[in-house]
Amino acid sequence: MAVNPEYIERYKKEAARVGSKIFVAATAEEAVNYILALVKEKNIQTVVKSDSALAAGIGLREQLENNGVRVIETSIVQWIRQLSGGREAPLDEIAASISSATGEKIEPKPEAILKAARRVLKDTYANAGLGITQADFGIAESGTLVSLENEGNARLAAALPHIHLTLLDGNCIVANLAEAAERIKNTAGGIPGHKVPTFITYLTGRNTTGDIPGALFARAQGPEEEHILILALQ
Amino acid sequence: MAAGIKKRIKNALADNNLQTALGRLAVLTKGGRRMGMKGIDFEVLRNDLHDRKEKSIANLPHLIQQFKENAAAAGAIVYEAGDAREANEYVLRLARQHGVRHIVKSKSMLTEEIGLKEHLEQAGIHVVETDIGERIVQLAGERPAHIVGPAIHKTVDQIAELLSRVTGNEIGTGSQELLDTIRDSLRQSYLDAEMGISGANICIAETGTLVIVTNEGNGQIVTTLSPLHVAIVGMEKLMGGLEDANAVLHLLSRCCVGPRLTVYTSFITGTGSAGDIGGIPLCGGQGPRELHIVLVDNGRSELRNSPEFRKALYCIKCGACLNICPVFASVAGQVYGHIYQGGIGTILTAFFHDPQRAHELSEMCMGCLACRTVCPSGIDIPRLIRNLKARKVRKHGFPLLKRVAYRGILKSPSRTESAARALAKLQQPFLDADYMIRKLPYPLGNLTDTISLPGINSSLLAGRMRSHQTPETGTKAKVAFFAGCVTAYAYPDLGDAVFKLLDECDTAPYYPAGQACCGAPAYFSGDSSTGLTLARHNIESLLLMEPDYVVTVCPGCAAMLKNEYPLLTSGDAALHKSALKLGAKVRDLSQLLIELGSESAEKATGGEIVTYHDPCHLKRGLGVFTEPRKLIEKAGYELVEMNDPDACCGFGGDALLTHPELCGSILKRKLDNIEATGVNTVVTACTACVLQLRGGLDRRKSPIKVVHIAEFLAKESTK
Ligand code: SF4
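Please read all numbers here as calculations on a predicted model, not as lab measurements.

Rules behind the numbers
- Residues numbered from 1 in each chain as written.
- Chains lettered and ligands numbered in written order.
- Predicted model: local features only at pLDDT ≥ 70, side-chain atom pairs only at ≥ 80, totals over all residues.
- Heavy atoms only, no water.
- Helix = DSSP H or I, 4+ residues; strand = E, 2+ residues; numbered from the N terminus.
- Rg over C-alpha atoms; globule rule 2.2 N^0.38 Å.
- Buried < 20%, exposed > 50% of the residue type's maximum accessible area, 1.4 Å probe, protein only.
- Near = heavy atom within 4 Å.
- Nonpolar A, V, L, I, M, F, W, Y, C, P; charged D, E, K, R; others polar.
- Pairing = 2+ DSSP bridges.
- Axes fitted to C-alpha atoms, helices over the stretch in contact; angles between N-to-C directions.
- Domains from an automatic or database assignment.
- Contact = heavy atoms within 4.5 Å.
- Buried area = accessible area lost by both parts, 1.4 Å probe.
- Salt bridge = Lys/Arg side-chain N within 4 Å of Asp/Glu carboxyl O.
- Polar contact = N/O pair within 3.5 Å; in protein donor to acceptor, adjacent residues only side chain to side chain.
- Disulfide = S-S within 2.5 Å.
- Core = buried A, V, L, I, M, F, W, Y, C linked by side-chain atoms within 4.5 Å.
- Phe/Tyr/Trp six-rings, centres within 6.5 Å; stacked < 30°, edge-to-face > 60°.
- Parallel < 35°, antiparallel > 145°, perpendicular 65-115°, else oblique.
- Left-handed = near helix turned anticlockwise from the far one by under 90°.

## As for the overall build of chain B
So, point 1. Counting its regular elements, chain B contains 35 helices and 22 strands.
So, point 2. Relative to the compact-globule value of 27 Å for 719 residues, chain B shows a C-alpha radius of gyration of 28 Å, a close match.
So, point 3. Along the longest, intermediate and shortest principal axes, the C-alpha atoms of chain B span 100 × 60 × 50 Å.
So, point 4. Within chain B, the proportion of its 719 residues that are buried is 61%.

Now the structure itself:
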């Protein structure tokens, strides 16, 4: 996808209009600094994050950890990897690490491991100060973030933590809903039988409710703040 | 059953909390609509959505098949429920199989419709509503008051009191504190829940996808965190592809509260996966392990098979029609007594719930057409309401009073005139010196509850016009004047004004003999046969002398002649052709004066400040609203706009007889808006509006004069 500075400009305007806090980083350092400053300002101890090539590219996890922030990977595969000291471990070893982490005896079977991971992660999201996810692309006309996934962890990391930050590649912005639909149609489902990924979320601005008089713009049930960090790396 | 409709209306109007809470609706929705319509061509988008909905509903059986296949291939389990009972039992069975004790639920009108929550609760399962408004309503033991804003009828104080009672803690009235209290309690419910229930806004057949929109974020959590997700979906939500979904998304949020898109738009296709560990697949992800989609019929097939009502299925539940409905603004949703509110709710109630009750609701409609202009799916809701009334008349006949009034009197012009003469005598004891009637005896007392009525003029128009029944011969444009009942019997002076203005435009006005009531009162009460008889009669009388134009001073009549006669006569090819011919000649007076380039309005001095009230059927029925304003300004007046100049005045057809207090409440808002402008004169362009506004201002003993634009301009031109 080609860089389109016009799209970035439009995107910025629309996202700000709907209450997102938006920052465009021209270098990896700027991006990391933005997040470190946020973490510091909000006194965030724990970050949950979903798989993100952009985060990996700027060494985000290491930087956060170096600054004393606990970073928890939320895709089960990565979460297990993290538990196993960053390497691929056999099933019985995985079961053992989960057992020792949770204090519960886990069978070395995929189903038991999956269940245990779900249980542990469920509590993790809501207790995290910050959720970091990566959008697959943005929609300029409405300032929308689009994320495609099969696992469901990115949606939870986006909805449950106190603050949510999305990384968006400045090259990945489409003009409008119609272009978004085109892109989605050209994305394989990734699971047999799926024509499109299991979960596709369009996130536009910050969650709100009109249900209580006088609180139209207050936080409803999602994060208190939505940050969008556009990486327009030179 | 709840209290009768009249009682419910009365209670709602007397409920100060409700009235305070409702004040918020107008502010919220007016700003929202303005924001929502910015930068789009609404007509283009809505035609597109209408066509896509039309196609989807036509193709429904095929789409269901396609959806089932694709959803199943992606791991969902689709169940088709014929009615409420089947849907409820399916979900309960499922809950039992999985040992579910706690359920979280996001907003779904359909689950309200089928009573799912109650069904599950009776079986001992704990169900928590997670939409904040729904939760408030649930805690209060009530039903949603608005399809989009369930708790729109509650004030902050009421919510604080409720939460204090439920939590046992003193909760302050700060909005944020109230929100925090609810949010925190919901967080635990999400974690505890073994099942999440949602609705869906759209189902995409091509991919087997559910589309769910929420603003609060609860939808995301409910549909992801619980091990079991059950989506309860009305089958009318099915559409073909992503493009169709986009057509809905383009308008749903804009029409509902204004923003371009809802905060969360979620597309869910089957069940997910977390991939594999060391080549061994993890059979599932972090979302639900099972996804059940219950496609509900519950009256939708019947609706689909009823050509007169089918379009009700195009509804995307945006709530725009409620936001703009003057009846809703007076009484809110609970008055409707079932689940669905407002005009569209009346139709849905008829098919999904109780036709009898729906007939009752249909009598609340003012016929103001406001809903029709805002509906993103292009549903002509007022027409559906009329069809419902007609269906009732077909099935159950008319009550005696209406039968006498419409079929006995109105249907025949000579009898109408005799009746008017008789009434002109009978009214004497009730007539005040200024020719107003302020108090009628039982059983007509209703009529003078909220307004004073004009007396029937003893010098009826037809008599006065006897010498003007043919147009002057020559080359001037022949303009037939169609008076309408209110002019003919209450305000015959208007006839003189019209002739004067038309003379000044160098046309040849005349008053076609034999013209009768346009038939609108009967027709819109569901009496199509009286409507047709009068249509036939008027088409003949009005076309007899081959006029160039047919002019009216009552847009209700004009809209009837122009828009309804062609529909009414569709069964008779020759008559239909004449109806179209007549329709093409029909003009409202202001429209015609502008079209003829009226010279009657030389700039006058004085420049009194006046305000203008848009009659519903002139603005929305005929699309005429700049013309009267131009004429007023051309006449040298300064026009100040009132707040909501095009809001209904409460002269609401049937409702005037059945629910005068409701009409009174709508009138009150209009009069408040008029008075707030500080003018001495309000101009309008409809005889019925004149009657209503004069009657109401008289009750207030207000010095503000209400003038029909015909008289206003005619008086001006003599200066
Ligand atoms: S009838 Fe039209 S305006 Fe009313 S809720 Fe349905 S789609 Fe919206």
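## A short note on unusual backbone geometry
Residue and element names in this part refer to chain B.
So, point 1. Phi is positive for L369, close to 75 degrees, though the residue is something other than glycine.
So, point 2. In this fold, L369 is placed in the loop between α17 (355–362) and α18 (370–374).
So, point 3. Phi is positive for E546, close to 50 degrees, though the residue is something other than glycine.
So, point 4. If you trace the backbone, E546 turns up in the loop between α26 (528–543) and β17 (549–552).
So, point 5. With relative accessibility at 55%, the residue E546 sits in the exposed group.

## What to know about the site of the ligand
So, point 1. Near the ligand, the surroundings consist of 14 residues, among which C315(B), C318(B), G319(B), C321(B) and C375(B) are the closest.
So, point 2. Here the residues of the shell around the ligand sort into 11 nonpolar, two polar and one charged.

## Description of the sheet that holds strand β18 (residues 586–588) of chain B
All names here are of chain B.
So, point 1. If you walk across this open sheet you meet the four strands as β16-β15-β17-β18, and the pairing is parallel. Every other strand in the sheet has two partners, leaving β16 (508–510) and β18 as the edge strands with one partner each. Across the sheet, the axes of successive neighbouring strands diverge by a mean angle of 35 degrees, strand direction being ignored.
So, point 2. Both β17 and β18 contribute to a ladder of three bridges, which runs parallel. When the bridges of β18 are listed, V551 appears paired with R587.

## Points about the domain arrangement of chain A
Residues and elements named next belong to chain A.
So, point 1. Along its sequence, chain A is organised into domain 1 (5–72 + 129–231) and domain 2 (75–127).
So, point 2. Across the boundary between the two partners, domain 1 contributes 13 residues, which contact nine residues of domain 2.
So, point 3. Regarding the contact of domain 1 and domain 2, the summed buried area is about 970 Å², with carbon and sulfur atoms giving 55% of it.
So, point 4. For the pair domain 1 and domain 2, the number of links is zero salt bridges.
So, point 5. The interface formed by domain 1 and domain 2 holds three residue pairs in polar contact (both at pLDDT 80 or more) in total.
So, point 6. Secondary-structure elements contributing two or more residues to the side of domain 1 that touches domain 2 are α4 (60–66), β3 (70–73) and α8 (153–159).
So, point 7. Residue composition of the side of domain 1 that touches domain 2, grouped by class: seven nonpolar, two polar and four charged.

## Some words on the state of the cysteines
So, point 1. Per the counting criterion, the structure on display carries zero disulfides over all chains.
So, point 2. Free cysteine C557(B): the closest other cysteine sulfur is in C554(B), separated by 3.8 Å.

## Observations concerning the nonpolar core
All names here are of chain B.
So, point 1. Among the nonpolar cores identified, the biggest contains 90 residues, and F481, Y565 and I632 are the most heavily contacted of them.
So, point 2. With seven residues, helix α27 (residues 555–568) is the single largest residue contributor to this core.
So, point 3. Beyond its immediate sequence surroundings of up to four residues, F481 is in contact with L461, T487, G495, V498, F499, Y510, Y511, P512, Q515, V551 and V553.
So, point 4. Counting 54 residues, the second largest nonpolar core, distinct from the first, contains I347, L348, F352 and M364.

## Regarding the domain arrangement of chain B
All names here are of chain B.
So, point 1. By domain assignment, chain B separates into domain 1 (2–301) and domain 2 (442–719).
So, point 2. Distance from the C-alpha centre of domain 1 to the C-alpha centre of domain 2: 45 Å.
So, point 3. Both sides together, the interface formed by domain 1 and domain 2 hides about 520 Å², and carbon and sulfur atoms give 58% of it.
So, point 4. Taken together, the links from domain 1 to domain 2 amount to one salt bridge.
So, point 5. A salt bridge links K30 to D644; its shortest N-O distance comes to 3.1 Å.
So, point 6. Our enumeration of links across domain 1 and domain 2 arrives at three residue pairs in polar contact (both at pLDDT 80 or more).
So, point 7. For the side of domain 1 that touches domain 2, the element with the most residues is helix α1 (residues 5–14), which contributes four residues.

## A closer look at the sheet that holds strand β7 (residues 228–234) of chain B
Residues and elements named next belong to chain B.
So, point 1. Spatial ordering of the open sheet is given by β1-β12-β7-β4-β2-β3, a layout of six strands whose pairing is parallel. Edge positions in the open sheet fall to β1 (76–81) and β3 (126–129), since each of these has one partner strand only. Across the sheet, the mean angle separating the axes of adjacent strands is 20 degrees when strand polarity is ignored.
So, point 2. By the bridge criterion, six bridges tie β1 to strand β12 (residues 290–296) in an arrangement that is parallel. Residue pairing in the sheet places V78 in a bridge with I293 of β12.

## Description of the packing of aromatic side chains
So, point 1. This structure, assessed with the given rule, holds nine aromatic pairs over all chains.
So, point 2. Residues F23(A) and Y34(A) carry aromatic rings whose centres are separated by 4.7 Å and whose planes lie at 10 degrees to one another, so their mutual orientation is stacked. One end of the pair, F23(A), is in strand β1 (residues 21–25); the other, Y34(A), is in helix α2 (residues 28–41), and 11 residues separate them in sequence.
So, point 3. Overall, the relative accessible area of 26% leaves F23(A) in the partly exposed class.
So, point 4. Ring geometry for Y340(B) against F352(B): centres 6.1 Å apart, planes inclined by 70 degrees, an arrangement best described as edge-to-face. In this pair, Y340(B) is assigned in the loop between α15 (326–331) and α16 (342–352) and F352(B) in helix α16, connecting sequence segments 12 residues apart.
So, point 5. A relative accessible area of 3% means that Y340(B) is categorised as buried.
So, point 6. Residue F352(B) is classed as buried on the basis of its relative accessible area, which comes to 8%.

## Some thoughts on the environment of S418(B)
All names here are of chain B.
So, point 1. Mapped onto the elements, S418 comes out in helix α21 (residues 413–426).
So, point 2. A relative accessible area of 42% means that S418 is categorised as partly exposed.
So, point 3. S418 sits 196 residues away from V222 along the chain, and the two C-alpha atoms are 68 Å apart.

## Some words on the interface of chain B and chain A
So, point 1. Of the residues lining the interface, 76 residues belong to chain B; the matching set on chain A comes to 73 residues.
So, point 2. Interface area, chain B with chain A, both sides summed: about 5700 Å², of which 58% is carbon and sulfur.
So, point 3. Across the contact surface, chain B and chain A share three salt bridges.
So, point 4. A salt bridge links E14(A) to R260(B); the shortest N-O distance between them is 3.8 Å.
So, point 5. Direction of pairing for strand β9 (residues 199–204) of chain A relative to strand β9 (residues 264–269) of chain B: antiparallel, over a ladder of five bridges. Counted as the bridge partner of Y202(A) is T265(B) from β9(B).

## Concerning the packing of α1(B) against helix α33 (residues 660–677) of chain B
Residues and elements named next belong to chain B.
So, point 1. At a minimum axis distance of 9 Å, the contact between α1 and α33 shows a crossing angle of 30 degrees. Classified by the angle their axes make, α1 and α33 are roughly parallel. Relative to α33, the crossing made by α1 is left-handed. Contact residues: K6, I9 and L13 in α1; P660, E661, L662 and S665 in α33.
So, point 2. By residue class, the composition of the contact of α1 with α33 is four nonpolar, one polar and two charged.

## Comments concerning the pattern of salt bridges
Any two side chains of opposite charge can pair, so long as their charged atoms come close to each other.
Residue and element names in this part refer to chain B.
So, point 1. Under the definition given, this model contains 55 salt bridges over all chains.
So, point 2. Across the pair E129 and K117 runs a salt bridge whose closest N-O atoms are separated by 2.8 Å. Of this pair, E129 sits in strand β3 while K117 sits in helix α7 (residues 116–122); the two residues are 12 residues apart in sequence, bridging distant segments of the chain.
So, point 3. Here E142 makes a salt bridge to K154, at a shortest N to O gap of 3.0 Å. Of this pair, E142 sits in the loop between α8 (132–139) and α9 (156–167) while K154 sits in the loop between α8 and α9, placing them 12 residues apart in sequence.
So, point 4. The class of E142 is partly exposed, set by a relative accessible area of 32%.
So, point 5. Residue K154 is classed as buried on the basis of its relative accessible area of 8%.

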